[in-house]
Amino acid sequence: MKPPPFDYHDPRTVDDVLALLAAHADGVSLLAGGQSLVPLLNMRLARPEIVVDLNRVEGLDTVAVTDDTVSLGAMVRLGALEHDARVAAALPVLAEAVSWVAHPQIRVRSTIGGTCCHADPAAEVPTVAVGTGATMHLRSARGERAVPAEEFFETIFTTVKEPDELLVRVGFPRRRGMRFGYDEISRRHGDFPFVGLCLGLGFVDGGVAEARAAAAGVAGRPVRLPGLESALLGRPLADAVEDAADAASAEITPPADHHGTVAFRRGLLRTLVRRLSARLEEHAR
Ligand SMILES: Cc1cc2nc3c(=O)[nH]c(=O)nc-3n(C[C@H](O)[C@H](O)[C@H](O)COP(=O)(O)OP(=O)(O)OC[C@H]3O[C@@H](n4cnc5c(N)ncnc54)[C@H](O)[C@@H]3O)c2cc1C
């Protein structure tokens, strides 16, 4: 299949991208890794007047690791992220989650900005962004703004990004004393998950002192799981994990579709809570 006709722009600077967005916002599709956009064009589900290619824009593929943050430019490839030793040491959950995304041939093109702006509700990186409490940095000709990941993802394939805005980078906080993990259940490795879970725990004196959790595939966007988090707090993990699994499965209203029933997805989330809790406790020893 062939895409509908469009004008193609190949800018070199962020300012040039922002000028094109300001002039044509509603008619523009930004091309990052193309792993979602190109199929949408070829199936004629996307019909932009203009495609603006981000692949030669300077400064969008920077990885910066500080004591507080792992900052990933929008054009950082998932394949590169998976093998970045600094990121692996600073926030191992990123490489862990990325290893579940599709297959190496797709990850080598896919980008942080693309997966976040495409906003598939079962996607791994957006779920880690919500779970860890990342910040999405947006720019337009009108200025800049920073949006918490929890507010960025609105519903299926929809974010709060305005048509004239470019996502320039995502800042993932390094939360001292917490370790995050990601796990998921899919039909085959590389498929989008039925359910995915990002869980972060911090321990003090054998009890859970901090907990953050977000799930993929259970709503129109990645969602925090406050019931799970509060069921864990202040208790030894082994005592709390079954209550946390109950709380998590009760607080989601997942879709029922040809992949499975509501009860099926609730059961998968319970399993993931148990699996990840055991893994994180093992790390804490
Ligand atoms: C066979 C297959 C299997 C896949 N499996 C998975 C999976 O298991 N999990 C998963 O998460 N993903 C999966 N994907 C999706 C893929 O990994 C892509 O990462 C992702 O959907 C889009 O990233 P991209 O960089 O290719 O973006 P593109 O396809 O280029 O763009 C996607 C959308 O984001 C917009 N966009 C891109 N960058 C920016 C930016 N900086 N600012 C504003 N808007 C922007 C584009 O305009 C477009 O609307 C799969 C894809 C394929 C083809």
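Remember, it's a predicted structure, so these values are computed and weren't measured experimentally.

Enquirer: Go over the site of the ligand, please, and point to the residues and values.
Expert: Leu30, Ser36, Leu37, Thr111 and Glu124 are the nearest of the 29 residues found near the ligand. Interatomic distance of 2.6 Å between a side-chain N/O atom of Thr111 and an oxygen atom of the ligand. Calculation on the ligand without its partners gives an accessible area of 980 Å², and the protein chains cover 86% of this total. Placement of the ligand is best described as lying within the largest pocket. Elements with a contribution of two residues or more to the shell around the ligand: strand E2 (28-31), helix H7 (112-118) and strand E10 (166-173). Tallying contributions element by element places H7 first for the shell around the ligand, with 5 residues. Across the shell around the ligand, the residue classes tally to 15 nonpolar, 11 polar and 3 charged.

Enquirer: Report on the sheet that holds strand E14 (residues 223-224), specifying residues and quantitative values.
Expert: Hydrogen bonds between backbone groups are what pair the strands of a sheet, and the pairing can be parallel or antiparallel. The strand order E11-E12-E13-E14 describes an open sheet built from 4 strands, whose pairing is antiparallel. The open sheet has two edge strands, strand E11 (179-185) and E14, and neither has a second partner. Inspection of the sheet shows strand E12 (residues 195-204) paired to strand E13 (residues 207-216) by 9 bridges, in the antiparallel sense. Across the sheet, Leu201 pairs through a bridge with Ala211, a residue of E13. Running at roughly 145° to E11, helix H12 (residues 262-284) makes contact with E11, E12 and E13 of the sheet.

Enquirer: Please give an account of the side chain of Arg107 that cites residues and values.
Expert: Locating Arg107 in the fold gives a position in helix H6 (residues 104-107). Judged by its relative accessible area of 7%, Arg107 is buried. Of the polar contacts made by the side chain of Arg107, one reaches the side chain of Glu82; its length is 2.9 Å. If sequence neighbours within four positions are ignored, Arg107 has contacts with Arg77, Leu78, Gly79, Glu82, Val98, Ser99, Val101 and Ala102.

What counts and what doesn't
- Residues numbered from 1 in each chain as written.
- Predicted model: local features only at pLDDT ≥ 70, side-chain atom pairs only at ≥ 80, totals over all residues.
- Heavy atoms only, no water.
- Near = heavy atom within 4 Å.
- Polar contact = N/O pair within 3.5 Å; in protein donor to acceptor, adjacent residues only side chain to side chain.
- Areas by Shrake-Rupley, 256 points an atom, 1.4 Å probe, with all protein chains shown as cover.
- 1 Å grid on protein atoms, 1.4 Å probe; cavity = no way out; pocket = protein on both sides within 12 Å on 5 of 7 lines; lining within 4 Å.
- Sits in = over half its atoms within 2 Å of the grid points.
- Helix = DSSP H or I, 4+ residues; strand = E, 2+ residues; numbered from the N terminus.
- Nonpolar A, V, L, I, M, F, W, Y, C, P; charged D, E, K, R; others polar.
- Pairing = 2+ DSSP bridges.
- Contact = heavy atoms within 4.5 Å.
- Axes fitted to C-alpha atoms, helices over the stretch in contact; angles between N-to-C directions.
- Buried < 20%, exposed > 50% of the residue type's maximum accessible area, 1.4 Å probe, protein only.

Coordinates in, geometry out; function isn't part of it.
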